[in-house]
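Coordinates in review
Residue-level listing of the chains:
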Amino acid sequence: MDETQLPEGAWPGEYTYCPMCTTRLAWEEIGDAHRMRCPSCRFIHWRNPAVGAAVVVFDDEGRVLMIRRGPGMTQEGKWAIPAGFVHYGEEIREAAGRELEEETGLIADVGDVVWVASNFHDPAKLTVGIWFAGSVTGGTLQAGDDADEAAFFDLDDLPPLAFSTDFAYFQSLGADPAPPDPASA
Ligand SMILES: [Zn+2]
């Protein structure tokens, strides 16, 4: 097989060279999938999806906390439930709380899972998201990190959404927001 050619049914490749020994990777059929493997050290690029953690915070009036995605972010200018990637070695609720604090300034107890979804919107960067209920215990509302604004919204007056996964979650709550642009979300 031409090692530079993407086999049928394979996701777009991400590595060209082995991250362990720098040999050029080659496509190989392993199990029921095409995967990139190092012909030298036999490293297999399993390429699992990244895990994201989100925190859903409602205020006393039933409004939900959202952040606007800042310059340079995918879906810049669109709104999302505060979320981010789990670091390697980090416990998932700690990750969720860290992302909430970075993006909104608020500190919360991170509780039950309220939504889980696979996200296929970018074939080169697949993710699995887990949304937790958050109960604010401190901090001051102040946008930061990837967010340039943070605010609470009524469920019947949600801002333009960045992600189809947040959209599906809001639908599950009985809200009827405008769907995100299907070309980019
Ligand atoms: Zn190698």
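Just so you know, these numbers come straight off a predicted model, no measurement behind them. (Residues numbered from 1 in each chain as written. Predicted model: local features only at pLDDT ≥ 70, side-chain atom pairs only at ≥ 80, totals over all residues.)

**Focus: helix α2 (residues 164-172)**
The test is simple: Any residue with 12 or fewer other C-beta atoms within 10 Å of its own C-beta is exposed, any with 20 or more is buried, and the rest are partly exposed; the C-beta atoms used are placed from the backbone. The helix and strand labels rest on DSSP assignments: H or I over at least four residues marks a helix, E over at least two residues marks a strand, and numbering proceeds from the N terminus. Starting at the helix axis, one direction is taken to each C-beta atom, and the arc is that of these directions. A residue pair is marked as a contact if its C-beta atoms, positioned from the backbone, fall within 7 Å.
Among all positions of α2, only Thr165, Asp166 and Tyr169 are buried. In a view along the axis of α2, the buried residues occupy a sector of 100°, so they form one face of it. In α2, the exposed residues that point more than 90 degrees away from the buried face are Ala168 and Gln171. Check the buried side of α2 and you find it contacts β6 (79-80), β8 (106-119) and β9 (127-139). Following α2 by one or two positions, Gly174 adopts a phi angle in the positive range, close to 95°.

**Considering the sheet that holds strand β1 (residues 26-30)**
Rule in force here: Strands qualify as paired when DSSP identifies two bridges or more between them.
The strand order β1-β2-β3 describes an open sheet built from three strands, whose pairing is antiparallel. Every other strand in the sheet has two partners, leaving β1 and β3 (44-45) as the edge strands with one partner each. Pairing between strand β2 (residues 33-37) and β3: two bridges, direction antiparallel. When the sheet's bridge partners are listed, Met36 is paired in β3 with His45.

**Points about the domain arrangement of the protein chain**
One frequently used descriptor of interface size is the decrease in accessible area upon assembly of the parts. What counts here: Residue ranges assigned to the domains are those given by an automatic or database domain assignment.
In terms of domains, the protein chain is made up of domain 1 (1-47) and domain 2 (50-172). Spacing between the C-alpha centres of domain 1 and domain 2 amounts to 33 Å.

**As for the nonpolar core**
Soluble globular proteins: nonpolar side chains tend toward being buried together. The following threshold applies: To form a nonpolar core, buried Ala, Val, Leu, Ile, Met, Phe, Trp, Tyr and Cys residues must be joined through C-beta atoms within 7 Å.
Among the nonpolar cores identified, the biggest contains 28 residues, and Ala54, Val55, Val56, Ala80, Ala96 and Phe132 are the most heavily contacted of them. Of all the secondary structure elements, the ones that give two or more residues to this core are β4 (50-57), β5 (64-69), β6, α1 (92-104), β8, β9 and β10 (147-153). Per element, the largest residue contribution to this core is five residues, and it comes from β4. Setting aside its immediate chain neighbours within four residues, Ala54 contacts Ile81, Pro82, Ala83, Ala96, Gly129, Trp131 and Phe132.

**Points about unusual backbone geometry**
One non-glycine residue with positive phi stands out, namely Thr22, at about 75°. In this fold, Thr22 is placed in the segment before β1. For Thr22, a count of 10 C-beta atoms within 10 Å corresponds to the exposed category. Despite not being glycine, Arg42 has its phi angle at roughly 75°, a positive value. Looking at Arg42, the number of C-beta atoms within 10 Å reads 11, which means it is exposed.

**Structural notes on the sheet that holds β5**
Across the sheet, which stays open at both edges, the three strands sit in the order β6-β5-β10 with antiparallel pairing between neighbours. Each edge of the open sheet is held by one strand with a lone partner, namely β6 and β10. Note that β5 and β10 share six bridges and pair antiparallel. By the bridge assignment for β10, Ile67 is matched with Ala150.

**Side note on α1**
The line we're drawing: By definition here, a helix of n residues has an expected span of 1.5 Å times n minus one.
For α1, built from 13 residues, the straight-helix expectation of 18 Å at 1.5 Å per residue is met to within 8% by its first-to-last C-alpha distance of 18 Å. Residues of α1 that are buried include every one of Ala95, Ala96, Gly97, Glu99, Leu100, Glu103 and Thr104, and no others. Those residues of α1 that are buried lie in contact with β4, β5, β7 (83-85), β8, β9 and β10. Looking at the residues trailing α1, positive phi occurs at Gly105, about 80°.

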